[in-house]
Amino acid sequence: MATPRIFSLLSASSTAAALRSSGRFSRWGRGINRFSTAVATEEPITPPVQIDHTQLLINGRFVDGASGKTFPTFDPRTGGVIAHVAEGEAEDINRAVSAARKAFDEGPWPRMTAYERSCVLFRFADLLERHCSEIAALETWDSGKTYEQAANVEIPMVIRLFRYYAGWADKIHGLTIPIDGLYHVQTLHEPIGVAGQIIPWNFPLLMYGWKVGPALACGNTIVLKTAEQTPLSALYVSKLFYEAGLPPGVLNVVSGFGPTAGAALASHMDVDKLAFTGSTGTGKIVLGLAAKSNLKPVTLELGGKSPFIVCEDADVDKAVELSHFAVFFNQGQCCCAGSRTFVHESIYDEFLEKAKARALNRIVGDPFKKGVEQGPQIDSQQFNKILGYIKSGIEGGATLEAGGEKFGSKGYYIQPTVFSNVHDNMVIAKEEIFGPVQSILKFKDLDEVIQRANATHYGLAAGVFTQNLDTANTLTRALKVGTVWINCFDVFDAAIPFGGKKMSGYGREKGIYSLSNYLQVKAVVTPLKNPAWL
Amino acid sequence: MAAAPRISSLLSRSFFSSSLLSIGRNSPRRGGIFRYSTGGAACEELINPPVNVNYTQLLLNGHFVDAASGRTFETLDPRTGNVITSVAEGDAEDINRAVSAARKAFDEGPWPRMSPYERSKILFRFADLLEKHNDEIAALESWDNGKPYEQAEKQEVPMVTRLMRYYGGWADKIHGLTVPADGLHQVQTLHEPIGVVGQIIPWNFPLLMFGWKVGPALACGNTIVLKTAEQTPLSALFVSNLLHEAGLPPGVLNVVSGFGPTAGATLASHMDVDKLAFTGSTETGKTVLQLAARSNLKPVTLELGGKSPFIVCEDADVDKAVELAHFALFFNQGQCCASGSRTFVHESIYDEFVKKATARALKRTVGDPFKAGIEQGPQIDSAQFEKILGYIRAGVENGATLEAGGERFGNKGFFIKPTVFSNVEDDMVIAQDEIFGPVQSILKFKDIDEVIRRANATNYGLAAGVFTQNIDTANTLTRALRVGTVWVNCFDVFDAGIPFGGYKMSGHGREKGIYSLRNYLQVKAVVTPLKNPAWL
């Protein structure tokens, strides 16, 4: 059985919807676009879950922040408070690091057999499966993503990830090495120690899985800082981890803010490794803190401005649907969003009509409601930032084809927005918008689109649409990005490495490549007496 | 074919016997009156290096050129402090020119576009040329750096040749993976060259570090801007000319002589450099990493300082341990990032060990590195020379017992007497800081748990030596020591196939071996839908 994947959110029906509406013309008059179901004006659905855990999780126990402070976490559908959460600061990070240090230096985790570690991870996956719908509800409530996406795709992917990494735990092999003389040489791939991990709000639990899975499989202990916008799901599942048999102190979870908790973690002298997912601006700061403190190695998964290239010979309807999905998925809040849609001039007009129609058909509304494709943006800051980018698109001279405004009267909903006639030098073609805003650009030939697609400091991912094998191979090698999706997009899998070139980050997460982020290589050399072979 | 030369083979049998012969001697504990076996070399007439200096300009885009500013700086003979020659001084503008050349060579040139087999042949031809010019290169290296000519000629330059053949063999073996995913997708990974690589190398092993850096970068199809250390610019220029003779296209390897705060900083913060590799001090490494972070987030590998423990257990063969501990510390004038600079000796054999280690140090032959049989030449320059003498003073002032050496050797150049301290405590400066000179600190320990804790109580984590015949002790120590290399009953065994690099503040990443390739590759995942597959 194939496991659920993000890509599967592309239902046949939405493709059909896009096709049906292709005859519709853009009614370019501010705010009069009609979106299929205007649920935001209805009463929000009550999430089917209780909030049980709001404290910090340190050394296997839920505790208050040392300062006693809390902060509110909000429902993006309304801006109302969901719960007050213990606010971790420098002192709490210190407590968490001490617990993780002790668990690594003296505790059972790195000293149990790899098979025992794998069993804990397998049991955790089973518990996630049992609590899938509650976890999905928490995730949707806190982040605004659609419940169907969380319940049918994301949480099952987290489960899949933990089974994947559990399978790695007892397969971490070092090498024996042929050298030039009478020495026996081996390498040990050792756990690196205490790992600090800072995760974002756009896929709270998925990022939890990407980070925690490999770190634990390799025998490390962890201090995890969640995003202040989405602290709830990580606390819930980490409790399950202890139920699954994780020894105390192996995974510590601190809710809190970047400048306090995050900075303390990044510059801590007793943290041996740091992994960060977030913006390029913050990634630079985090790396600077690591460099100034104890030179802990850092992996970074940062921003993007990924091209989605639709070639002359592409299947236009499929390309329209996938390019729509590539940018609008998760309210446009994806680091790898295909946010520059390059379309060959010969099919540009047709593509544009259909892309616009598809956006106008996008179902925006309460993410708990069945069939809704797009929920609210995460918070007011992002909401205003995105509206600012839309304004700048209009002022920069791009043509607004659809959307362009807030949606409904409360919460942080934004209309699916499409710009045509976007030029490379416009702000909306250069900066990461992180919202439901598609920019469509025109190109003439392959060399030109390669050069334009690469003319960015980012290098996270790219989509390529063509049926021609030579075109696909040429583009695949030429694009300076970490992932190329050909005739597909956002295909994520536990085994597929993900990460960026250039200012989109360092290192790869997932797949066999992710293990090296959490291992140190130790070479061991002894003299060799009287060897039977060399 | 004979086993390739290695550094540890500098440990000859005769050293063992000489250290045994001198056991009976009492340590004459009085500053400065020690006698070294072949003492006077520094006062004799110096040997004329058998080589001409032909290349002193910057190597940009395949041509030797002057610096944009027209400026030069002097490179000195550490035996005397006299000028060897003046060298073009690269600064920001020259780095920019070099990066443009490397960028063009990568984006448009033949190097990443030729077959890996063709790339490998250029590296093999380069190795052949290195072999042909071995002695001239070794002479340049000794002259500029002060290391014994025999060491350069018989070990280091041949090791560089060996490295280039090793990496020549990797060039056509860079495989990506096909990846099993959960659904109807064909997934593969491409291991691509990363692009323009900036490399900053130190003065202690100028050509060996050239090999560690340039070898994997070229094998993986990248182009390079290399900044050499201002103390030792000569050998890299000589061999880079040979690399072009071997068929390297212009712009693939650009060499800029110059200083850290100008040329080095420009390279580290350049927006068009895709990767940076640095070997040097931990402090400079932090600066370099911050420049990379603030500019374009280029990934950085760092090979930095160390304060490596050398642990001699109760059951060790004391004479062998003395000889290897001596070698671990004094090799290359003590100027090794991996030097075994904290000699931990079990209390049951401590007194015997100190006596023999002192005797061995007193027998160390110091003198003109061009003279046959010399074990120790001068330190690299006056700054290092003064710094080391300062550490020796600190050792005396902190109450460690000076058993041998303790002052300069001779009256010109930067020679220092092989120095041994006993009764060194963990909190003394000489037990904590990287001295990078011929100063051995001998510490006493009682049991394994204690020595593990003390050996790990440092911000460094580069290497460790372990001396024991007991396999359980060896295995316990091997896992517990937080270091990148553990040498058991040996030390400084370097090989193209053995990865080298540090834990903690000794650095990021591994050089040499299969592990070094990933420093110079980017992983690209490529995913397509899969129609009607015969299997999944």
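Residues numbered from 1 in each chain as written. Chains lettered and ligands numbered in written order. Predicted model: local features only at pLDDT ≥ 70, side-chain atom pairs only at ≥ 80, totals over all residues. Heavy atoms only, no water.

Taken in spatial order, the 10 strands of this open sheet run E14(A)-E15(A)-E16(A)-E13(A)-E12(A)-E17(A)-E18(A)-E20(B)-E6(B)-E5(B), and their pairing is mixed. Strand pairing shows two members of the sheet lacking a second neighbour, strand E14 (399-402) of chain A together with strand E5 (178-179) of chain B, which therefore form its edges. Judged from the 3 bridges that link them, strand E12 (residues 307-310) of chain A and strand E17 (residues 461-465) of chain A form a sheet pairing that is parallel. Each bridged residue has a counterpart across the sheet, and for A:Val310 the counterpart in E17(A) is A:Phe465. Across the sheet, helix H10 (residues 316-328) of chain A touches E12, strand E13 (340-344), strand E15 (417-420), strand E16 (437-443) and E17 of chain A, and the angle it forms with E16(A) is around 135°. (Pairing = 2+ DSSP bridges. Helix = DSSP H or I, 4+ residues; strand = E, 2+ residues; numbered from the N terminus. Contact = heavy atoms within 4.5 Å. Axes fitted to C-alpha atoms, helices over the stretch in contact; angles between N-to-C directions.)

Residues and elements named next belong to chain A. Phe162, Tyr208, Phe241, Leu251 and Trp485 are the most contacted members of the largest nonpolar core, which totals 113 residues. When residues of this core are assigned to their parent elements, the largest contribution, 14 residues, is made by helix H5 (residues 147-169). Ignoring anything within four residues of it in the chain, the contact list for Tyr208 reads Phe124, Phe162, Ile199, Gly213, Leu224, Ala234, Val237, Ser238, Phe241 and Leu251. (Core = buried A, V, L, I, M, F, W, Y, C linked by side-chain atoms within 4.5 Å. Buried < 20%, exposed > 50% of the residue type's maximum accessible area, 1.4 Å probe, protein only.)

Contact residues are listed per partner, giving 74 residues for chain A and 70 residues for chain B. In total, about 5400 Å² of surface goes out of reach between chain A and chain B, with carbon and sulfur atoms giving 59% of it. For the pair chain A and chain B, the number of links is 5 salt bridges. Note that A:Asp272 and B:Arg482 form a salt bridge whose closest N and O atoms lie 3.7 Å from each other. On inspection of chain A and its partner chain B, the count reaches 35 residue pairs in polar contact (both at pLDDT 80 or more). (Buried area = accessible area lost by both parts, 1.4 Å probe. Salt bridge = Lys/Arg side-chain N within 4 Å of Asp/Glu carboxyl O. Polar contact = N/O pair within 3.5 Å; in protein donor to acceptor, adjacent residues only side chain to side chain.)

The next point concerns the side chain of A:Lys296. Turning to its location among the elements, A:Lys296 is positioned in the loop between helix H9 (280-292) and strand E11 (298-301). Lacking a salt bridge, the buried A:Lys296 has A:Asp272 as its closest oppositely charged neighbour, with an N-O distance of 8.5 Å. Within the local environment of A:Lys296, its side chain forms a polar contact with the backbone oxygen of A:Ala266, the two atoms lying 2.6 Å apart. Only 3.1 Å separates the side chain of A:Lys296 from the side chain of A:Ser293, close enough to count as a polar contact. Among residues more than four places away in sequence, those in contact with A:Lys296 are A:Leu265, A:Ala266, A:Ser267, A:His268, A:Val271, A:Asp272, A:Lys273, A:Leu274, A:Ala290 and B:His508. (Lys, Arg positive; Asp, Glu negative; His and termini not counted.)

Another aspect to go through is the packing of helix H4 (residues 132-143) of chain A against helix H7 (residues 232-243) of chain A. Relative placement of two packed helices is described by the angle separating their axes and the distance separating the axes. Residues and elements named next belong to chain A. It is the contact of H4 with H7, at a shortest axis distance of 8 Å, that shows an interaxial angle of 160°. The angle between H4 and H7 places the two elements in the roughly antiparallel class. Where H4 abuts H7, its residues Glu134, Ile135, Leu138, Glu139 and Asp142 lie against Leu232, Ser233, Tyr236, Val237 and Leu240. Classifying every residue of the contact of H4 with H7 by side-chain character gives 6 nonpolar, 1 polar and 3 charged. (Parallel < 35°, antiparallel > 145°, perpendicular 65-115°, else oblique. Nonpolar A, V, L, I, M, F, W, Y, C, P; charged D, E, K, R; others polar.)

Attention now moves to the packing of aromatic side chains. Taken as a whole, this structure holds 38 aromatic pairs over all chains when the rule is applied. Measuring from ring centre to ring centre gives 5.0 Å for A:Phe71 and A:Phe257, while their planes differ by 65°; the resulting arrangement is edge-to-face. Of the two residues, A:Phe71 is situated in strand E3 (residues 70-74) and A:Phe257 in the loop between strand E9 (251-255) and helix H8 (258-266); the sequence distance between them amounts to 186 residues. Residue classification places A:Phe71 among the buried positions, given a relative accessible area of 3%. Between B:Phe310 and B:Phe467, the ring centres sit 5.3 Å apart and the planes meet at 25°, which makes this aromatic pair stacked. Pair noted here: B:Phe310 is in strand E12 (residues 309-312) and B:Phe467 is in strand E17 (residues 463-467), with a separation of 157 residues, a long-range link. Each member of the pair B:Phe310 and B:Phe467 is classed as buried. What links up through ring pairs into an aromatic cluster is the set A:Trp210, A:Phe308, A:Phe465, A:Trp485, A:Phe489, A:Phe492 and A:Phe498. (Phe/Tyr/Trp six-rings, centres within 6.5 Å; stacked < 30°, edge-to-face > 60°.)

Residues and elements named next belong to chain A. Of the two faces of E11, the one carrying Val298 and Leu300 and the one carrying Thr299 and Glu301 are both buried. Of the pairings in the sheet, the one linking strand E10 (residues 273-277) to E11 comprises 4 bridges and is parallel in character. Looking at the pairing, Ala275 lines up with Thr299 of E11. Considered for its hand, the β-α-β crossover made up of E10, H9 and E11 is right-handed. For E11 and strand E19 (residues 505-506), the ladder comprises 2 bridges, and the chain directions are antiparallel. Residue Glu301 lies in a different strand from E19, and its bridge partner there is Gly505. (Right-handed = clockwise from strand over helix to strand, strands pointing away.)

Taken as a whole and assessed by the stated rule, the structure comprises 53 salt bridges over all chains. The closest approach of N and O atoms between A:Glu190 and A:Lys522, which form a salt bridge, is 2.9 Å. Residue A:Glu190 is found in strand E6 (residues 183-191), and its partner A:Lys522 is found in strand E20 (residues 519-527); the two are separated by 332 residues along the sequence. Here the two residues A:Glu190 and A:Lys522 agree in accessibility, since each one is buried. Residues joined in a network through salt bridges with shared partners are A:Arg101, A:Asp105, A:Asp270, A:Asp272 and B:Arg482.

Turning next to the side chain of A:Arg362. For A:Arg362, the location among the structural elements is in the loop between helix H11 (348-360) and helix H12 (380-395). Under the relative-accessibility criterion, A:Arg362 is labelled buried at 5%.

Before going further, it helps to examine the environment of A:Trp533. With respect to the secondary-structure elements, A:Trp533 resides in the segment after E20. A residue is classified by how much of its surface remains accessible, and A:Trp533, at 69% relative accessible area, is exposed.

We now examine helix H7 (residues 234-245) of chain B. Residues and elements named next belong to chain B. Relative to the 16 Å expected for 12 residues at 1.5 Å per residue, H7 spans 17 Å between its end C-alpha atoms, a close match to the ideal helical length. Counting buried residues along H7, 10 of its 12 residues qualify, which places the element largely inside the surrounding structure. Of all the residues in H7, the buried ones are Leu234, Ser235, Ala236, Leu237, Phe238, Val239, Ser240, Leu242, Leu243 and His244. Trailing H7 by a residue or two, Gly247 shows a phi angle of about 115°, which is positive. (Expected span 1.5 Å × (residues − 1).)

All names here are of chain A. Following both chains from N to C, one finds helix H3 (residues 114-130) and helix H6 (residues 204-217) inclined at 155°, their axes separated by 10 Å at the closest point. Between H3 and H6, the angle falls in the class roughly antiparallel. For the pair H3 and H6, the contacting residues are Arg117, Leu121 and Phe124 in the first and Tyr208, Leu216 and Ala217 in the second. For the contact of H3 with H6, a count of residues per class yields 5 nonpolar, no polar and 1 charged.

These figures come from the coordinates and say nothing about function on their own.
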